[in-house]
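Okay, here's what each chain looks like letter by letter:
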Amino acid sequence: MAIFGNYFTYNGISSKEFDLVLASFETINNFEMGLNQSLITGDMNKYRNHQNYNGKKYGDVLSFQFSVIKTPYKNGKQQYITRNDVRKINKWMTGCDSPAILHFDDDEEYIDYICLITDVDNTAYDGRIVELKYTATCISPYGYSKLKTFETTTSTEVDFSIVVDSDDTDSCIYPLITITPSSSGTVKIMNVDANKSLYVHVKKELPITINCELQQFYDEIGLLSLEDIGIVDVSDIYIPSLRDGENNFSIIGNCTVKFEWREPRKVGAY
């Protein structure tokens, strides 16, 4: 988490707009890591005195608390958080119905948390609120890098590599891929390492976006069926993914293709 005294941004809005900084009246003795995992195993029995190992899974998503106060001693006076302040701040912090990006401004490595605010507490002094405490519940057991992009254009064929630095080394990252065709036809996206390809029928200057995580295809009008993009055999479809390290691809077609993705950062709330 950011060093005390710094600002943060949530859902595209900075704490500067509310004259808030990060601070706490309690001593911080540890930082939540969110990396508790359990093994997935088979049972032992009369004939097998060991467990078959089938992997592991995270116990829960990352959840942590952070606190804010008004910028202290503005104009030479200690600032309290008024009732009107509380209303405006909580409207901002708890108004999201879907997870939003929480980012703490500091000089450490850039981390984004995709989360919802799920609890609000406070500290009062002399009958006035001096501190608001928020609990952030993330969508995953870790934070993420800033949004990364790679874009390439070809009229025939192009080979390229995407280098990924993921802290979750054995898991796939599913990017958002946008194809902007310069002519109608078929675009082939080939994962050279896996020797697997995705073929998409496209129309000139009508971009198609592929949400690889949700396995959805859509254009500016809305969701597309697999038949709309020329996929007949659903069992044979390949959805591109990225892994930690170098990922080699080939694009065949007359188009511009853009990859967008975030990489896991296992630093907890530190």
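The coordinates are above.
The shown structure was predicted, so the numbers you read here are calculated from the model rather than taken from an experiment.

(A) Molecular detail of the side chain of Thr-154. Structurally, Thr-154 can be placed in strand E11 (residues 148-154). Within the structure, Thr-154 has its side chain in polar contact with the backbone nitrogen of Glu-157 (distance 3.0 Å). The residues contacting Thr-154, other than those within four sequence positions of it, are Ile-251, Gly-253, Asn-254 and Cys-255.

(B) Just the pattern of salt bridges, in detail. Throughout the structure, instances matching the rule amount to 7 salt bridges. Of the charged contacts in the structure, one is a salt bridge between Glu-26 and Lys-133, with a shortest N-O distance of 3.0 Å. Placement of the pair is Glu-26 in the loop between strand E3 (20-22) and strand E4 (37-41) and Lys-133 in strand E9 (residues 128-138), with a sequence separation of 107 residues. Its relative accessible area of 9% is what places Lys-133 among the buried residues. Here Lys-266 ties to Asp-168 by a salt bridge, and the two come within 3.2 Å at their closest N and O atoms. Of this pair, Lys-266 sits in the segment after strand E21 (264-265) while Asp-168 is found in the loop between strand E12 (157-164) and strand E13 (176-181), placing the two residues 98 residues apart along the sequence. The exposure class of Lys-266 is partly exposed, given its relative accessible area of 26%. A relative accessible area of 10% means that Asp-168 is categorised as buried. Here the salt bridges share partners, and the residues they tie into one network are Glu-109, Lys-148, Glu-263 and Arg-265.

(C) View of the sheet that holds strand E17 (residues 216-218). With antiparallel pairing, the 6 strands of this open sheet are ordered in space as E11-E20-E13-E16-E17-E18. The open sheet terminates on both sides in strands that have one partner only, identified here as E11 and strand E18 (223-224). When E17 meets E18, the two strands line up antiparallel, connected through 2 bridges. Residue pairing for E18: Phe-217 is matched across the bridge by Leu-224.

(D) Region of interest: the nonpolar core. If you look at the biggest cluster of nonpolar residues, it comprises 28 residues, and the most contacted ones within it are Ile-179, Ile-189, Val-200, Ile-210, Phe-217 and Phe-259. Setting aside residues no more than four positions away along its own chain, Val-200 makes contact with Ile-179, Gly-185, Thr-186, Val-187, Ile-208, Ile-210, Phe-217 and Ile-229. Within the second largest apolar cluster, 27 residues are counted, among which are Val-68, Ile-81, Phe-104 and Leu-132.

About the cut-offs
- Residues numbered from 1 in each chain as written.
- Predicted model: local features only at pLDDT ≥ 70, side-chain atom pairs only at ≥ 80, totals over all residues.
- Heavy atoms only, no water.
- Helix = DSSP H or I, 4+ residues; strand = E, 2+ residues; numbered from the N terminus.
- Polar contact = N/O pair within 3.5 Å; in protein donor to acceptor, adjacent residues only side chain to side chain.
- Contact = heavy atoms within 4.5 Å.
- Salt bridge = Lys/Arg side-chain N within 4 Å of Asp/Glu carboxyl O.
- Buried < 20%, exposed > 50% of the residue type's maximum accessible area, 1.4 Å probe, protein only.
- Pairing = 2+ DSSP bridges.
- Core = buried A, V, L, I, M, F, W, Y, C linked by side-chain atoms within 4.5 Å.

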